[in-house]
Amino acid sequence: MTGVRRLAALVLSAAAGAGCAGSSTASRGAPVSAAPAVSYRLLATAESDDQVALIGFTPCGSGAEPCGARVERTYAVGLWATETEGPHGVVAAPDGRSFYVTLAHGRPFGYLQRVDLETGAVLSTVELGMFPATVDVGPGPLLYAINFNFEDPRMAPSSLSVVDGGGPGLLEIARTMTCRMPHGSRLSRDGTRHYSGCMMDDLLVEVDARTFAVTRMFGLAPGREAAVDPARAREGLVADEGHAGHVDQGGTRHAPVCSPTWAEPSADGRSVFVACNRSREIVEVDAERWTLRRRWPTPPAPYNLAVTPDGKLLLVTLKQGAGFQVLDLARGTSLAQLRSSTTVTHGVVVSPDSRYAFVSNEGVGAAPGKVDVYDL
């Protein structure tokens, strides 16, 4: 992808026909169904170039021409011409006419922008917290952006910003304190619950998407998997500012073991899957009982997650493994570990028909970032 060095995140747009595909995989012995005669569009951020790319993909073998993946256009985002502001999270608006993107670096704070897909015009901007990263959109639309607070030497507890995106401008209507270095902002399929992981606290955090209050926390460290009282956890986080580690049921802090980087609800809403980047595991939490269901080992550095809409597969990017893993959710087994076209794999999304995975890969040095397209 010429001119785009680092692809940090990507999302399928609400519209349907875009990018640069790095590689594909061959069948593992199973019969391959005909490619669907449909085109897909997705968005990918280029963090070091302050750009968002609109990528189109038309499967080869469907009869449609031209086939393959291509960059349809790029969008310039940001406020300051002299600063690299680092677009990080991106999500399409529900009407498919615009998209929202977080600017993680800021001066000193980050921002959320809404950009028109057709014209490329920045329609509105709102200031958020320190290093807003992943973002998701719910009814309204309301936007939920995690303030990752990546560069704070005090390691202070950070927050979830809730933004009203339904009017002519963007308006932050709530900022809920969660934990240290939250990441993986994702809503349940019914839009009622928001989930994120705390990299420095080994916690899964649930927020009521309607009241914006923290409702539950869950400890992710091996052997200490249990519900954590949010009030006691908050007291411990504020009192122990500057020290990393996970919080147990009694509010006691321990050294981080899991370091969760992503929280992904299941397709049926019954589970939440968490990527433990440090301990090389996926943790499955029962969303109703708020108890541990399963732990799966993974290759090094699981980072981002995606569940296929049909609920059958969990895709896990491996940031230090140059690829991603495909897990069978019914059996709890690994189906494949697939290679990426570069060495730093980052984000993943799945097409609405559960057929294709789109995986972003960061550029290294002068090499460009890429998006790989895989036939699942």
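See the structure printed just above.
Note that the structure is predicted; figures quoted are calculated from it, not measured.

Draft legend 1. Expanded view of the pairing of strand β27 (residues 333-339). For strand β26 (residues 323-328) and β27, the ladder comprises six bridges, and the chain directions are antiparallel. In the strand pairing of β27, Phe324 is matched with Leu338. The hairpin formed by β26 and β27 contains four residues between the paired strands, and Gly332 there has a positive phi angle of roughly 70°.

Draft legend 2. Focus on the environment of Asp208. Of note, Asp208 is situated in strand β15 (residues 203-208). By relative accessible area, Asp208 is classed as buried at 16%. A C-alpha to C-alpha distance of 5.0 Å links Asp208 and Arg193, two positions 15 residues apart in sequence. Sequence-distant contacts of Asp208, that is, excluding residues within four places in its chain, are made with Thr192, Ala213 and Thr215. Of note is the side chain of Asp208, whose polar atom sits 2.8 Å from the backbone nitrogen of Arg210.

Draft legend 3. Main features of the pattern of salt bridges. The full count for this structure, using the stated rule, is 17 salt bridges. Its salt-bridge partner being Arg180, residue Asp201 comes within 3.2 Å of it at the nearest N-O pair. Of this pair, Asp201 sits in the loop between β14 (193-198) and β15 while Arg180 sits in the loop between β12 (171-177) and β13 (182-187), and the two are 21 residues apart along the sequence. Overall, Asp201 belongs to the buried group, its relative accessible area being 0%. Close ionic contact of Arg331 with Asp328 constitutes a salt bridge, the shortest N to O distance being 2.9 Å. Residue classification places Arg331 among the exposed positions, given a relative accessible area of 63%. What emerges from the salt-bridge pattern is a single network uniting Glu284, Asp286, Arg289, Arg293 and Arg294.

Draft legend 4. Highlighting the state of the cysteines. As enumerated under the stated definition, the model contains three disulfides in all. If you count the bonded cysteines of the protein chain from the N-terminus, they pair up as 1-2, 3-4, 5-6.

Draft legend 5. Focus on the packing of aromatic side chains. Evaluated as defined, the whole model comprises eleven aromatic pairs. With centroids separated by 6.4 Å and ring planes inclined at 55°, the aromatic side chains of Tyr40 and Phe358 adopt a geometry described as tilted. Taken together, the positions of Tyr40 in strand β2 (residues 40-46) and Phe358 in strand β29 (residues 356-362) put the pair 318 residues apart, joining distant regions of the chain. Exposure class is identical for Tyr40 and Phe358. Each is buried. Measuring from centroid to centroid gives 5.2 Å for Tyr75 and Phe99, while their planes differ by 70°, and the two rings are edge-to-face. Of the two residues, Tyr75 is situated in strand β4 (residues 68-76) and Phe99 in strand β6 (residues 98-103); the sequence distance between them amounts to 24 residues. As far as burial versus exposure is concerned, Tyr75 and Phe99 are alike and both buried. Three or more aromatic residues joined by ring pairs make a cluster, and in this case those are Tyr40, Phe57, Tyr356 and Phe358.

Criteria and thresholds
- Position numbers for residues count from 1 along each chain, tracking the sequence in the order it is written.
- Residues qualify for local features only when their pLDDT is at least 70, as the model is predicted, and side-chain atom pairs are given and counted only at 80 or more; totals for whole chains, interfaces and linings, by contrast, use all residues.
- Note that water and hydrogens are dropped before the side-chain values are worked out from all heavy atoms of the structure.
- For two strands to count as paired, DSSP must find a minimum of two bridges between them.
- Helix and strand labels come from DSSP, where a helix needs a run of H or I of at least four residues and a strand needs a run of E of at least two; each type is numbered from the N terminus.
- Only protein chains enter the calculation, and the probe is 1.4 Å; a residue is then buried if its accessible area is under 20% of its type maximum, exposed if over 50%, and partly exposed in between.
- Any pair of residues with heavy atoms lying within 4.5 Å of one another is described as a contacting pair.
- Nitrogen and oxygen atoms within 3.5 Å of one another constitute a polar contact, given that in protein one can donate a hydrogen and the other can accept it, and given that sequence-neighbouring residues count only through two side-chain atoms.
- One side-chain nitrogen of Lys or Arg within 4 Å of one carboxyl oxygen of Asp or Glu is enough to make a salt bridge.
- In what follows, a disulfide is any cysteine sulfur pair within 2.5 Å.
- In summary, the pairing rule links any two rings of Phe, Tyr or Trp, Trp by its six-membered ring, whose centres are within 6.5 Å, and it sorts them by plane angle into stacked for under 30 degrees, edge-to-face for over 60 and tilted for everything else.

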